[in-house]
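The chain contents come next:
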Amino acid sequence: MTNDSLKRLREWFKKNAAELPWRPLDLDAPRDAYAVWISETMLQQTQVSTVKDYFIRWMKRFPDIETLAKADEAEVFKYWQGLGYYSRARNILKTAKIVALRHDSTGLTNQAQRPSNMPQTRKELEALPGIGAYTAGAILSLAYHKREAILDGNLVRIFSRLYELDFLPTDKISEKSSAIAANASCSRMTGHESAAEIYWNYAREVADSSKAYMHNEALMELGRTICKTKTPLCETCPLQKECLAFKDKRTADFPPTKKRTEKNWHGTVLVVESSDEKILAVIGGQKFLDRQLALPHFESPRGATIGLPANAEEYINADDVESVEHCGTFRHSITIHKIECDILHIKLKANANRARTSQKLTFQWIEKAKAFETFANSFSLKALKKVILPV
Ligand code: SF4
């Protein structure tokens, strides 16, 4: 990207940067690495407008990495509930524990003397659970002002349009396409790059500039607010002069669309209630919501379920069952899965202490009155709402 473009980008950003809870008013100020890490992780797959409130609540409860490291997974999930992709929350907790443990091993009790709260090299950051090339770049660039590249969906879209790259970073490309990219304005290209390397080279070129932290963040903001997926607002774009797709009136052609292969999944979810009004929750061993407190569920064919399905006996003993009621269906999405589930309300004759459950799985009985505050995933909550009314 030319110096002229970068200058215009900076000026645009200074005038238009949105006020965000994780962004200081002084755009040149280094950030708290912990806050950058949390906000950038929340922002993966989630809109800025949604993340704002989640971030504020999170930082009130877990203001630093040490506080977070002491929390248990169930509580962390509660603060994540609604953001989806729970593996992100689980990895955040794992990383917090690893980093906090390293702090403790310094032997320094004075917080101010301890090393900074997140590692400061890409290698160390990318070795932590849930931190990939993008998040590592964001922490190093925005928090520590290192000249490190960032490449997220916004930057991919911008680079694809600026340089008319008709492939995505995940695509396999021919030598010819690579050579064409090498003839473009980026000095880092050799003509033998993979698709991903071509995009990263453009990102690294931006990172080579002074004030790379600001250029990186400005590009993310530009992608979000101006170079939008459907209708880019090219008339107000500071990069218009450099943009090949704009010049050729081909912005709609870039980036090429990726065919998302959605998978339909039909199943049954069980709301098993003991005679003393407790609901059976399972932890792990399920198709979805691995290692979270969830309602038992399994794959089953579409159509009304009558009686106790054989699969239910993988969880409970048929002799304990008093009644089975079909309570309708619900739809839900988890990653690429489009889910439709029948809901069965199974009442047991036995109380929670006496009811027999499978030895192969880990279960927990939840007070019915506290079910809505205990389950921290919308999959289970949607099913529960069809069976018991929230209190
Ligand atoms: Fe995107 Fe239009 Fe700017 Fe090109 S000119 S980078 S297409 S907003």
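For the structure, check the block above.
Residues numbered from 1 in each chain as written. Predicted model: local features only at pLDDT ≥ 70, side-chain atom pairs only at ≥ 80, totals over all residues. Heavy atoms only, no water.

Student: Sorry if this is basic, but what is going on with the overall build of the protein here?
Tutor: Looking only at helices and strands, one finds 15 helices and seven strands in the protein. When its C-alpha atoms are laid out on the principal axes, the protein stretches across 75 × 55 × 35 Å. Taking all 391 residues of the protein together, the buried fraction comes to 50%. For the protein, contacts bridging at least 24 residues in sequence account for 66% of all contacts bridging at least 6. If you sum the accessible surface of the protein, you get close to 19,500 Å²; carbon and sulfur atoms cover 49% of it. Of the charged side chains in the protein, 57 are positive and 48 negative; the average position of the first set lies 2 Å away from that of the second. (Helix = DSSP H or I, 4+ residues; strand = E, 2+ residues; numbered from the N terminus. Buried < 20%, exposed > 50% of the residue type's maximum accessible area, 1.4 Å probe, protein only. Contact = heavy atoms within 4.5 Å. Areas by Shrake-Rupley, 256 points an atom, 1.4 Å probe, with all protein chains shown as cover. Lys, Arg positive; Asp, Glu negative; His and termini not counted. Charge placed at Lys NZ, Arg CZ, Asp CG, Glu CD.)

Student: What am I meant to see in the pattern of salt bridges here?
Tutor: Where charged atoms of side chains with opposite charge meet at close range, the side chains can pair. Counted under the stated rule, the structure contains 17 salt bridges. Across the pair arginine 23 and glutamate 217 runs a salt bridge whose closest N-O atoms are separated by 3.0 Å. Here arginine 23, found in the loop between helix 1 (3–16) and helix 2 (33–43), pairs with glutamate 217, found in helix 12 (residues 212–225); they are 194 residues apart in sequence, far enough to count as distant. Between arginine 31 and glutamate 217 there is a salt bridge; the shortest N-O distance is 2.6 Å. In this pair, arginine 31 sits in the loop between helix 1 and helix 2 while glutamate 217 sits in helix 12, placing the two residues 186 residues apart along the sequence. Here arginine 31 falls in the buried class, since its relative accessible area comes to 10%. Judged by its relative accessible area of 5%, glutamate 217 is buried. (Salt bridge = Lys/Arg side-chain N within 4 Å of Asp/Glu carboxyl O.)

Student: Looking at this model, I keep getting lost on the environment of glutamate 197. Mind explaining?
Tutor: Within the secondary structure, glutamate 197 is located in helix 11 (residues 195–207). Separated by 145 residues in the primary sequence, glutamate 197 and aspartate 342 have C-alpha atoms spaced 46 Å apart. In terms of polar contacts, glutamate 197 uses its side chain to reach the backbone amide nitrogen of serine 194, at 2.9 Å. (Polar contact = N/O pair within 3.5 Å; in protein donor to acceptor, adjacent residues only side chain to side chain.)

Student: Sorry if this is basic, but what is going on with helix 8 (residues 133–143) here?
Tutor: An α-helical segment advances 3.6 residues per turn. Residues three or four places apart therefore align on the same side. A large share of helix 8 lies buried, amounting to ten of its eleven residues. Every buried residue of helix 8 is listed here: Tyr134, Thr135, Ala136, Gly137, Ala138, Ile139, Leu140, Ser141, Leu142 and Ala143. The inward-facing, buried residues of helix 8 abut helix 2, helix 7 (122–126) and helix 12. One or two steps after helix 8, the chain reaches histidine 145, where phi turns positive at roughly 55 degrees.

Student: How do you make sense of the site of the ligand when you look at a structure like this?
Tutor: Surveying the vicinity of the ligand reveals the residues Arg161, Ile226, Cys227, Pro232, Cys234, Cys237, Gln240, Cys243, Phe246 and Thr251. In terms of residue class, the shell around the ligand is built from seven nonpolar, two polar and one charged. (Near = heavy atom within 4 Å. Nonpolar A, V, L, I, M, F, W, Y, C, P; charged D, E, K, R; others polar.)

Student: How should I be thinking about the pairing of strand 6 (residues 337–348) in this particular structure?
Tutor: Consecutive side chains along a regular strand alternate between the two faces of the sheet. Of all twelve residues in strand 6, ten are buried; the element is thus mostly enclosed. Pairing of strand 5 (residues 321–334) with strand 6 involves eleven bridges; the strand directions are antiparallel. Across the sheet, histidine 332 pairs through a bridge with isoleucine 339, a residue of strand 6. (Pairing = 2+ DSSP bridges.)

Student: What's the story with the pairing of strand 2 (residues 278–283) in this structure? I'm lost.
Tutor: In this sheet, strand 7 (residues 362–367) lies alongside strand 2 in antiparallel orientation, the contact comprising six bridges. Across the sheet, the residue bridging to lysine 278 is glutamate 367, located in strand 7. Relative to strand 3 (residues 293–294), strand 2 runs antiparallel, the two sharing two bridges. Paired with isoleucine 283 across the two strands is leucine 293, which belongs to strand 3.

Student: Is there a simple way to explain the state of the cysteines in this structure?
Tutor: Linking two cysteines covalently via their sulfur atoms produces the bond known as a disulfide. Throughout the structure, instances matching the rule amount to zero disulfides. With no disulfide partner, cysteine 327 has as its closest neighbouring cysteine sulfur the one in cysteine 341, 13 Å distant. (Disulfide = S-S within 2.5 Å.)

Student: Can you walk me through the packing of aromatic side chains in this structure?
Tutor: Counted under the stated rule, the structure contains 16 aromatic pairs. Centroid distance phenylalanine 62 to tyrosine 79: 5.3 Å. Interplanar angle 65 degrees. Geometry classified as edge-to-face. You can see phenylalanine 62 sitting in the loop between helix 3 (48–61) and helix 4 (65–69) and its partner tyrosine 79 sitting in helix 5 (residues 73–80), a full 17 residues away along the chain. Under the relative-accessibility criterion, phenylalanine 62 is labelled buried at 0%. Overall, the relative accessible area of 22% leaves tyrosine 79 in the partly exposed class. By way of ring pairs, the aromatic residues Trp58, Phe62, Tyr79 and Trp80 are connected into one cluster. (Phe/Tyr/Trp six-rings, centres within 6.5 Å; stacked < 30°, edge-to-face > 60°.)

Student: Even after reading the chapter, I still don't get the packing of helix 2 against helix 8, so can you show me in this structure?
Tutor: Each packed pair of helices is defined by two parameters, the angle between the axes and the distance between the axes. Following both chains from N to C, one finds helix 2 and helix 8 inclined at 140 degrees, their axes separated by 9 Å at the closest point. One way to sum up the angle between helix 2 and helix 8 is to call them oblique. Relative to helix 8, the crossing made by helix 2 is right-handed. Taken together, the residues of helix 8 that come into contact with helix 2 (itself represented by Ala33, Val36, Trp37, Glu40 and Thr41) are Tyr134, Thr135, Ala138, Ile139, Leu142 and Ala143. Residues that form the contact of helix 2 with helix 8 fall into these classes: eight nonpolar, two polar and one charged. (Axes fitted to C-alpha atoms, helices over the stretch in contact; angles between N-to-C directions. Parallel < 35°, antiparallel > 145°, perpendicular 65-115°, else oblique. Left-handed = near helix turned anticlockwise from the far one by under 90°.)

Student: What is the right way to look at unusual backbone geometry in this model?
Tutor: Excluding glycine, residues mostly have negative phi values, and the peptide bonds linking residues are mostly trans. At the junction of phenylalanine 254 and proline 255, the peptide bond is cis and its omega measures out at -10 degrees in the coordinates. Tracing the sequence through the fold places proline 255 in the loop between helix 13 (244–247) and strand 1 (263–273). Phi is positive for tyrosine 85, close to 45 degrees, though the residue is something other than glycine. Mapped onto the elements of the fold, tyrosine 85 is located in the loop between helix 5 and helix 6 (86–104). Positioned with a positive phi, lysine 211 is a non-glycine residue whose angle comes to about 60 degrees. Here lysine 211 shows up in the loop between helix 11 and helix 12. Here lysine 211 falls in the partly exposed class, since its relative accessible area comes to 30%.

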